[in-house]
Structures are given as structure tokens and as C-alpha cells.
Amino acid sequence: MLTHEKTKWIKMLLFSCFLIITGLGFAQESYNLSGTVTDEQNFPVPGASIVIKNTTTGTSTDFDGNYSISAKKGDVLEFSSIGYAKKSITLNGEKVLNVILVEDASQLEEVVVVGYGSQKKSDITGSVSSVKAEELAAFPVLNAEQALQGRAAGVAVQSNNGGEPGAPINVSIRGNTSIGASSAALVVVDGFVGGSLPQPTDIESIEVLKDASATAIYGSRGANGVILVTTKKGRSGKMQIELNSSYSSQNVSNRLDLLNATQFGAYRQVINPAYVQGNAETDWQDLIYRTGTVENHQLSFSGGSEKINYYVSGNYFNQKGVVINSGFERFSFLSNIDVQATDKLKLGFNAYANRGTKDGVQSQAGSGGSGGGDVISTAYRFAPDTPVQDENGVNTTNPVGDQFDNPFAIATESIDETKTDDYRANFYADYTILDGLSFKTTFGFSSENRTRGRFLPSTLIGQASVQGGIGSVESLKGTNILSENYLTYTKEIGKGNLTALLGYSYQKSRNESYGAAAQNFISNSLSYFNLGAGSDIQTPFSSLTEQEIISQFGRFNYEYDDRYLVTFTARRDGASNFSKNNKYAFFPSGALGWRISNEQFLKDSETISNLKLRASYGVTGNPAISPYQSLANFESIYSNVGDQVVNAVVPEQLANPNLKWETSYQTNLGLDLGLINDRIGLTLDFYTIDTKDLILGDSSAPEYIGFANLTSLRNIGEINNKGFEITLNTKNIVKENFSWSTDFNWSRNRNEVVALVDGQDIFLDSSPGSFLQDETHLLREGEPVGVFWGYEYRGVNQGTPEPGTAGYPNAVAGDELFSDLNDDGVIDGDDRKIIGDPNPDWQAGLNNSFRYKDFDLNVFFQASVGGDIFSYTFLELASGESNATTDVLNAWTPSNTNTNIPSAAVREKRITDRFVYDGSYVRLKNLSLGYNIPFDVANKIGMNGIRLSLSGQNLLTFTDFPGTDPEASYRSSGNQNSNTNRGFDYGSYPNIRSYTISVNLKF
């Protein structure tokens, strides 16, 4: 029998077994949880930590932000990563959990690339703007320069020819710092000085260095600002394959309202009653414009290990322009390889190559003749009552005024093809000598080969029939080698941190060019590929230029107690293109910074999270001249010796052994402010730039040995730029499922000509050659660069001119009236004045980004206010020589006197403020909607990410300018032209409106 004691123990044992069995029944079984961790912009966060709270169990995300962990219902997962706020989530049994981490500004220390190194953004004392990869890839563009427009304060971006496929882009920073030299910013790609920008999808970030503290490290080439480009690199982890593909449909954003055939016939009969209207009804704009397309495809591979990382990318871009027979096609390749060879030695190799083919149409007519080779301007001018071909199948020419070819024939039958091959390779080795001391050496080589072939067939009556066809070929080969070597030393000294840099640079460039031409071809079928088939061989040409730059540079940075910052930079440059007396120049700069927010009285502020004052002063330079320009130059001529024609030379330019660098003295005062844990970020900069010793041509040298008009280059000019810049970044709403951020920048620049040769005005001309003008704008002390020069229009002569006005000789009622500035009753050159300023008052960009769950929306506006435009197009259309705008329907007649439009008549093309317009505009630059397919859905089909987006570019433009586009740019390419020829409009390729569908796939 069981005793009471034994019974008690049996009951306790059974009860314990019951509890164990019951506990096992209710225990939660572990399961596998997976997902992805991304940031607010849906970019993966590699290396993020995932830990089960109150345990040591955890994991981390891979390169693509993916993770997997064993957990059970009720566990609390803690997600964290440097720079992001920690997030805790209680599991509810889900098998897939995707997490978005929000940036924590108090932790995040953004690193910014500067010349020959990088710095924490909080330690920067100069004026630097950053543009990230997601901003550059917001919408499809041909060049990364285009993506910069409106993204950074003080940076002006403009195409040299509207929306022309393959047109060069001009980027200027803080206005013009020269007159005769280029004001284009220096581009540095992965350390290679003077490199060309790769595709936007291959760029990790762009830093724009604006003041002397930031740019003086580049010395003689830093006066116009510096654009530092860092391309994408691989990261440790499995290979990531990414495909970016987009397709765009494009149309002309605006057209001119011109007379139709009936209106044109009536208009011509007022001018010439004998005119007989043609029987055609031709809209020339309809004939030359079409729906353009752009396809852009990029495939990249990246990955690596602890020892080697790689990034390889290939891109195909093909644009069919909105003008028939125009287009641009490009293939490009980029690779970055980084190798940790030993614990102390790191090696890297960067290579870039592209081949571009541009099919151009003639636009922006230049000098000579009737200007009839320009497709755009002839489409405006050509008679609408005339067909493309006559009854005999011969191309028509304009029936009134100059007899130029019709635009459709020019666009479809002329050939203008440019092929360009660009190559760049850059190697580096970075060796750690001692703790805190490293040595880096780089060697780079670039090569550009460009060939342009042009052919005008004899079927173009107005251009080439008399010559029997015209063909030409021009080629340019440029090579550039760069070797740079520098030591970097970092040391923690008490409460401070010291970084010192000392280096040496050598760069050599060589350019070869040659060309040939012929006329009178037996057939048009061989185009420019067989110039020998032309019986009239033109004089060939060839040239060679070389130049070298040798530099020593150094920089000293000291940060004390995370409060006080000091930067000193210096560079000594020597250039072969200067004379022996001034080959070398020294360019120093200094800057101070004070992080007030780290002072004791602000350190614990809940409102002010960042407050820093910056001040800098420095000197930068501009080589300003081409090789050999400091030497005496001769030009070749033909001369007669007896009855023989011989080659000869005559002096063209005098030598100047004292010619020296143009030098810019820059002062910058800046403030960086962060509020509410940097939810609001504000940057203010005020600057002034005095550029002295401008190199200008002086023709006042006395005549000698029978030669007149000899020029000599001298350092005698000065200009000043003053400006103010605002950059505002706000995180308006930051929630797990919804966020809204705003980026705004505003800049104002004022330039003034301070000194010229003997204080005398310099008159300039940018008009088409057919206009027969010689003065359209000028440089004058005390005025902005390139102001318009002409007559002040006072309306229509009603029979008796008003006091202070006059017309041209033999003026009658209905003719133009102008201000008679000297009251002599005659309108002549003495009655001209400044009639406009092409320099804008201010420019701005406004970008709003919204995210709701897996959707995102981007709205980007860009604006320019205050710059005037002088339209040669409207001047020509009002001259009475050919077609006209519908404004002439309101022209003065004896029965229509209440008008500002003169009577219909053929008049000389004179530069007057009647054709000066306000070029202010606000443009919806980009509107895009994107959708990121959930990770678990994409993962089921073996993909790491799928993104789809729809976008539109240049959808709306608000402007009072009546032309096709307020971003006018005529004859603004080249060096001097880019500074002085601003705000002119004539025959430019039209701007375009685009609609784009894009897909991004990650494998």
C-alpha cells in the first residue's frame, strides 16, 4: 500500500509532468523571418544591425539591405544603423518584415569630397554645395551637367543651342570672372583634372566648390569654381546587377505664330502690289518638327570582398531630335576597381570610354551671305505660299528677299556629322607609411578624337549649286596626361585634430587639328568621304599646340575641440603658355570656422542643432590665354612677287614678355544653421570676387614698318562680382509611411566692369552676318558685362514726330520713331544707348519630394528672373524681307493708327529696344511619380528590387518672352563669347517637352 507520503510525491510528480506538457503545448515555435531594410528614399541600408531585444541573438543586412533571422511571435526586434534612428518592432507572426530607417541628424556625419581628400561636412570652412546620386538621376538627361540645373545655389547651367541633341553645356559658378577667357567651371572626375562627366546613373555625388578656400587647392584653374565628381564604386558583398532603362517621347515646347499663306500674300501685296500669291499652303514648322524620342539603357555590375571591390557599367543613349534629320547616339563604358593589396597598400584603377555620333542640322546661322543655311530661322522666314519643290522636282528658294533654300531641303539633304571618341584611364596607389601618414600617387591619361564631316549637295540651289556641291572634313586629336603625388598627415593633438597635405602635380596637353575641303563634285552620292572627287580643292589647314602645367600645393586643416576650425591652402603653378617673366604664380587662401552650436551655451539646445560661421579669403587664377599668345604672332597671306603669287607672313600680334595670369581675389562669409535636430537646414553665403589683370587686346600700339592695327595682349582689365546665396533644406514630415522634404536654393549675382583699356568702351557684335551690323552690345566701365547697345524705340510716326524723337531720313507716317538723344533731328549712331541687360537678377530651384509607402512623387521647379533677351528672330521677321509674325496684322495703316507696330515695309535691321524682352521664367522642370514593388513580391521572382516611374520634363513654362524659349543662347560657345554674348536669340534649336517611362531592376 502506498503511504500518505508516497502518494504526496506521486501527485507532485504527475502535476509537474502536466505543467511541462502544458508549457510545451503553449510554447511559441521559432520561425524564419526575412525582409529588407531601406532608407526614406528606398535605398538599401547595408550593414544594419537586427537584434532580438534582451538577447544576444542578431544578424545584419547584406549589401542589398536584405536580412534573415530566426525569431518567434512576441519578440521585439531592434533595427539600428549608424546615421539612422533606432527602430523597435514587436513581431506578430509575420514571415516578411520590411523596415524603413529614418536619418538621425544628430548621429549622421556627412562626408564631403574636397580637392585631394574628403572632410566631414561639419568641418568644412569653404562654400561647398553637394548634389547626390538620386537628384542627378531624377529625370533622363544627355549630360550630367543638365541635371545640375537648379540643384545648387550660384550654379548656372545652359545649353549652347536649346534642346539640340549632343549640344555642349556651359556651367558657370558665381558669374563671369573673365572677359576674354573661359568662365566655365573646372571639372575633376575621380581626381582627373579636366575630365568629362560620365552618365548621371554612374555618378555617386557631385560637389561644387565655390569660394577660394575650397578652390585654391586647384590654383590657376580654380577662379571659375570646381565641380568634383565621384563615380560609383563596388562594396563588399555578393554581386549586384542593376538595369536602368527609360524611354522618352519629346515635342517642341513652343512655336512661333506666323502668317499663313493667305495672310502672307496680303502682307506682301501691301509692301509690293505686284506680288502674286503662290498656290501652296505650307507650314514650314510642321515640316521640320517631329516627335522626337530618347532611349537610355544602363547595365551595371558591382560587388566585392574584403580585398577587392569593383563597379562596371555600360550605357547606351540614343536621341532622335525634334528637328528632322537631327540626333545623337552614344555608347559609354565605366569601370572602377579598388584592391586592398596589403594592410598598408591600396590600389585602384578607373577607366571611362565613350563614342558619340551626332547628326546635326544647321541652326543658329552665323556670318556671311543671306543666313539661308539655318533650318530654324529659314522655317520662320520662308514664304508659306511656296511648296517644297516646284513642278520640275527642283527644291524651291524663297520668292522674296534673299533667295535662300527652303528649310525642309536644308534639313534633309545637307549632312553635318560629328563622331567623337573619348577615353580616360586613371591609376592610383595609396600607401600608409606610418600611423597617420600616407602617400598617394595617381597617373591619368585621356584622349579625345573628334571628326566632323559636312556636305552641301548641288541640289541646294541657294547654298551649293553654283559651287557644284561643297564638302569638308575637320579632325581634332587631343591627349592629356596627369601625374599627381601627395602626402597626407593626420594627428590628434589634445582636443584638436590636424590634417596636413603636401603635393606635386604635372599635367601636359597636346592638341592636333587638320582639315580639308573641296567643291564642284561630279556626284553628290559620295558625300564628304571622297574629297578627291571635287575638282576645286580648297586650301587645307593643320595645327599643333602643346602646354604644360607644373604645380606644388599644400593644405592645412586644424579643428580644435569640435568648435574652432582653421584652413590654409596654397598652390604654386607654372604654365608654359606664359612668357618667361611670369610663368609662375602663387595662389593662397585662408578660412576660419566657428561651430557656435558646440559652445556650452548652445550645446544642449533643443532648437538649434547646428550653427556655424565661416569666413574665407583667397586668390585663384585663370590661365586666360592659349599657348603661344604671349609671343609675337604672324599670319599667312598671299602676296605677289612680279607675276608670281607666293606665300608670305605679316605681323599680327606683338609679343608681351610681362604678360601674367588673370587673378581673382575672393571673399566669402557664410552661415550654416540647423534647427530641430537638423530637420531644417539653412546655408547663407555672401561673396565678392575682384578679378584683376584681365588679359585684353590693346591696338593702341604705334604703327611701324608699314603695318597697322597690330594688337598686343596686356593685363589691364578688371571686373567685380558680388552675390548672395541661400540654400534651405527641410524635412517637413517624417513618418514611417509618409515623408515630405523640400530643397530650395536662391542666388543673386551682380557683375560690373571696373576697368578697361584706357577706360574706353569695347563694342562687340553678335548679330548674324546677313544683318550687316557692327555693334550690338558693349563693355563699359561701371556697367554689367555684355549690355545691349542700340536705339530706343518710341513708337510709330503719326505724321509729326513727338518732341525728342526722330525717324530715319525721308521718314513718313507709319515709320519707326526713336529717341533723338542729342536733339539734332537726325537718327544716327550718336543716338544709341544701353537698351538692356542680359544678366538675370536672381535664379532659383525648388524641389519637393514626397513618399507614401511604396510610392514617391518629385516636383521640381526652376526659375530665372530679370535677364533681358534681344531677339534677332523678331527683328528679322519685322524687317519686311520675308514672312512675319501675326503681329503685323495690327500694323499701322491710315485707318489703324492706334498701334505700336510700324506699317508694312522693307526696313533696315537696326538694333532697337523694340526687340528687347524680359527673359524671366518659372519652369516646371520635372514631375515624376515612382512605385517600388514590395521586396517580398520582387524576391519571389528572384529580384532584389523593381522600380517603375513616369515623369515629364519642361511641362510648364511661365514667361512673358514671346519667343520659343527664354533660355536663349546664341553665339555663346567658345571662350570670350561665353562671357559677353549673353541673352541673344536667333535660330536656336527649340527647347523640348518630354514624357518618360523608366524602370529600374536589381538582381
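The structure displayed is predicted, hence computed values, not measured ones. (Residues numbered from 1 in each chain as written. Predicted model: local features only at pLDDT ≥ 70, side-chain atom pairs only at ≥ 80, totals over all residues. Heavy atoms only, no water.)

1. Quick look at the overall build of the chain
In plain terms, the rule: Secondary structure elements follow DSSP: runs of H or I of four or more residues count as helices, runs of E of two or more count as strands, with numbering from the N terminus. The size measure is the radius of gyration over C-alpha atoms, and the globule rule it meets is 2.2 Å times the number of residues to the 0.38 power. What makes two residues a contact is simply this: any of their non-hydrogen atoms within 4.5 Å. Only the protein chains shown count as covering a residue, and every accessible area follows the Shrake-Rupley method with a 1.4 Å probe. The convention is simple: Lys and Arg are positive, Asp and Glu are negative, and His and the chain ends are not counted. For this purpose, a charge sits on NZ of Lys, CZ of Arg, CG of Asp or CD of Glu.
Tallying secondary structure elements over the chain gives 11 helices and 51 strands in all. Radius of gyration (C-alpha) of the chain: 34 Å, near the 30 Å computed for a compact globule of 1003 residues. Taken along the three principal axes of its C-alpha coordinates, the chain extends 145 × 70 × 65 Å. Put simply, of all contacts in the chain between residues at least 6 apart along the chain, 69% involve residues at least 24 apart. Element-wise, carbon and sulfur atoms account for 54% of the exposed surface of the chain, whose accessible area totals about 44,200 Å². For the chain, the centre of its 79 positive side-chain charges and the centre of its 111 negative side-chain charges are spaced 11 Å apart.

2. As for helix H5 (residues 261–271)
Rule in force here: Here's how the labels work: a residue is buried when its accessible area is under 20% of the maximum for its type, exposed when over 50%, partly exposed in between, all with a 1.4 Å probe on protein chains only. Starting at the helix axis, one direction is taken to each C-beta atom, and the arc is that of these directions. In protein, a polar contact means a hydrogen-donor-capable atom and an acceptor-capable atom, both N or O and within 3.5 Å, with residues adjacent in sequence counting only if both atoms are side-chain atoms; elsewhere, any N or O pair within 3.5 Å suffices.
Within H5, the full set of buried residues consists of Ala261, Phe264, Gly265, Tyr267 and Arg268. Axial view of H5: buried residues confined to an arc of 165 degrees, hence all on one face. Those residues of H5 that are exposed and angled more than 90 degrees off the buried face are Thr262 and Val270. For H5, the capping residue at the N-terminal end is Asn260, with a side-chain oxygen 3.2 Å from the backbone nitrogen of Thr262.

3. Quick word on the side chain of Ser505
Relative to the assigned elements, Ser505 resides in strand E25 (residues 496–521). At 3.1 Å, the side chain of Ser505 and the side chain of Glu484 are in polar contact. Sequence-distant contacts of Ser505, that is, excluding residues within four places in its chain, are made with Leu482, Ser483, Glu484, Ile549, Ile550, Ser551, Phe553 and Arg571.

4. Focus: the pairing of strand E8 (residues 111–114)
The cut-off we apply is this: For two strands to be treated as a pair, DSSP must find at least two bridges joining them.
The side-chain alternation of E8 yields one buried face, formed by Val112 and Val114, and one unburied face, formed by Val111 and Val113. Here E8 runs beside strand E9 (residues 117–120); their pairing, made up of four bridges, is antiparallel. In the sheet register, Val111 faces E9, and the bridge partner there is Lys120. Hairpin remark: E8 followed by E9, antiparallel, with two residues in the connecting loop; positive phi at Tyr116, about 60 degrees.

5. Focus: the confidence of the model for the chain
Spelled out, the test is: Every residue gets a pLDDT, meaning the predictor's confidence in that residue, from 0 to 100.
For the chain, the average pLDDT comes to 86, and 93% of its residues sit at 70 or higher. For the chain, per-element mean pLDDT is lowest for helix H1 (residues 4–26), which scores 44, and highest for strand E47 (residues 916–918), which scores 96.

6. Remarks on the sheet that holds strand E39 (residues 787–790)
Sheets are built from strands that pair by backbone hydrogen bonding, the pairs being arranged parallel or antiparallel. As a reminder, the rule being used: Axis lines are fitted through C-alpha atoms, for helices just across the contact stretch, and the angle between N-to-C directions can take any value from 0 to 180 degrees.
Pairing in this open sheet of four strands is antiparallel, and the strands run E37-E38-E39-E43 from one edge to the other. Each of the sheet's edge strands pairs with one partner strand only, and the pair in question is strand E37 (762–764) and strand E43 (833–836). In this sheet, neighbouring strand axes are inclined to one another by 45 degrees on average, regardless of whether the strands run parallel or antiparallel.

7. Remarks on the pairing of strand E48 (residues 921–933)
Note that strand E45 (residues 855–865) and E48 share 10 bridges and pair antiparallel. Following the sheet pairing, Gln862 is matched in E48 by Arg923. Strand direction decides the pairing type here: E48 and strand E49 (residues 945–959), joined by 12 bridges, are antiparallel. Within E49, the residue paired with Asn926 across the bridge is Gln953.

8. A short note on unusual backbone geometry
Positioned with a positive phi, Asn520 is a non-glycine residue whose angle comes to about 60 degrees. Mapped onto the secondary structure, Asn520 falls in strand E25. Even without being a glycine, Asn677 presents a positive backbone phi close to 60 degrees.

9. Looking at the nonpolar core
Stated formally: What makes a nonpolar core is a set of buried Ala, Val, Leu, Ile, Met, Phe, Trp, Tyr and Cys residues whose side-chain atoms join them at distances within 4.5 Å.
Counting residues in hydrophobic clusters, the biggest one holds 39 residues, and the most contacted among them are Tyr289, Val323, Val375, Tyr380, Phe870, Tyr872 and Leu875. Secondary-structure elements contributing two or more residues to this core are helix H6 (284–288), helix H7 (375–381), helix H8 (407–413), strand E46 (868–871), helix H9 (872–877) and E47. Setting aside anything within four residues of it in sequence, one finds Leu875 in contact with Phe771, Phe870, Lys909, Arg910, Ile911 and Phe915. Core analysis: the next-biggest nonpolar cluster, separate from the first, contains 23 residues, Ile169, Val187, Leu197 and Val229 among them.

10. With respect to the sheet that holds strand E1 (residues 31–38)
An order of E4-E1-E7 is seen for the three strands of this open sheet, with the pairing classed as mixed. Edge strands, defined here as strands with exactly one partner in the open sheet, are strand E4 (66–71) and strand E7 (99–100).

11. Notes on the pattern of salt bridges
Rules: A side-chain nitrogen of Lys or Arg and a carboxyl oxygen of Asp or Glu constitute a salt bridge if their distance falls within 4 Å.
The tally for this structure, following the rule as stated, stands at 33 salt bridges. Between Glu908 and Arg910 there is a salt bridge whose closest N-O contact spans 2.8 Å. One salt-bridge network, held together by shared partners, links Lys612, Arg614, Asp672 and Asp685.

12. Some details on the packing of aromatic side chains
Where we set the bar: Two rings belonging to Phe, Tyr or Trp (six-membered ring only in the last case) form a pair when the distance between their centres is within 6.5 Å. Interplanar angles under 30 degrees mark stacking, angles over 60 mark edge-to-face geometry, and anything in between is tilted.
Applying the stated criterion across every chain, the model contains 35 aromatic pairs. Plain terms: the ring middles of Phe870 and Phe984 are 6.4 Å apart, the flat faces sit at 65 degrees to each other, and that makes the pair edge-to-face. Of this pair, Phe870 sits in strand E46 while Phe984 sits in strand E50 (residues 984–985), and the two are 114 residues apart along the sequence. Across this residue pair, the class does not change: Phe870 and Phe984 are buried. With a centroid separation of 6.5 Å and 80 degrees between ring planes, the pair formed by Tyr872 and Tyr986 is classed as edge-to-face. Placement of Tyr872 in helix H9 and of Tyr986 in the loop between E50 and strand E51 (992–1002) is noted, with a sequence separation of 114 residues between them.

13. Looking at the environment of Arg832
Locating Arg832 in the fold gives a position in the loop between strand E42 (816–819) and E43. Through-space distance from the C-alpha of Arg832 to that of Arg174 is 30 Å; in sequence the pair is 658 residues apart. Non-local contacts of Arg832, meaning those with residues more than four positions away in its chain, are made with Glu775, Trp789, Gly790, Tyr791 and Leu821. Among the polar contacts made by the side chain of Arg832, one reaches the side chain of Glu775 at a distance of 2.9 Å.

14. A look at a nonpolar patch on the surface
Put simply, the rule reads: To count toward a patch, a residue needs a relative accessible area over 30% and no salt bridge; like charges are then connected within 9 Å, while nonpolar side chains (Val, Leu, Ile, Met, Phe, Trp, Tyr) are connected within 5 Å.
Side chains of Tyr431, Ile433, Leu434, Leu487 and Leu502 sit close together on the surface and give an oily, nonpolar patch of about 450 Å² of accessible area. The leading source of residues in the nonpolar patch is strand E22 (residues 415–434), at three residues. Looking at the secondary structure, you find Ile433 in strand E22.

15. Some thoughts on the environment of Gly799
Mapped onto the elements, Gly799 comes out in the loop between strand E40 (793–796) and strand E41 (805–806). Once the C-alpha coordinates of Gly799 and Val812 are considered, the two residues, 13 residues apart in sequence, prove to be 6.4 Å apart.

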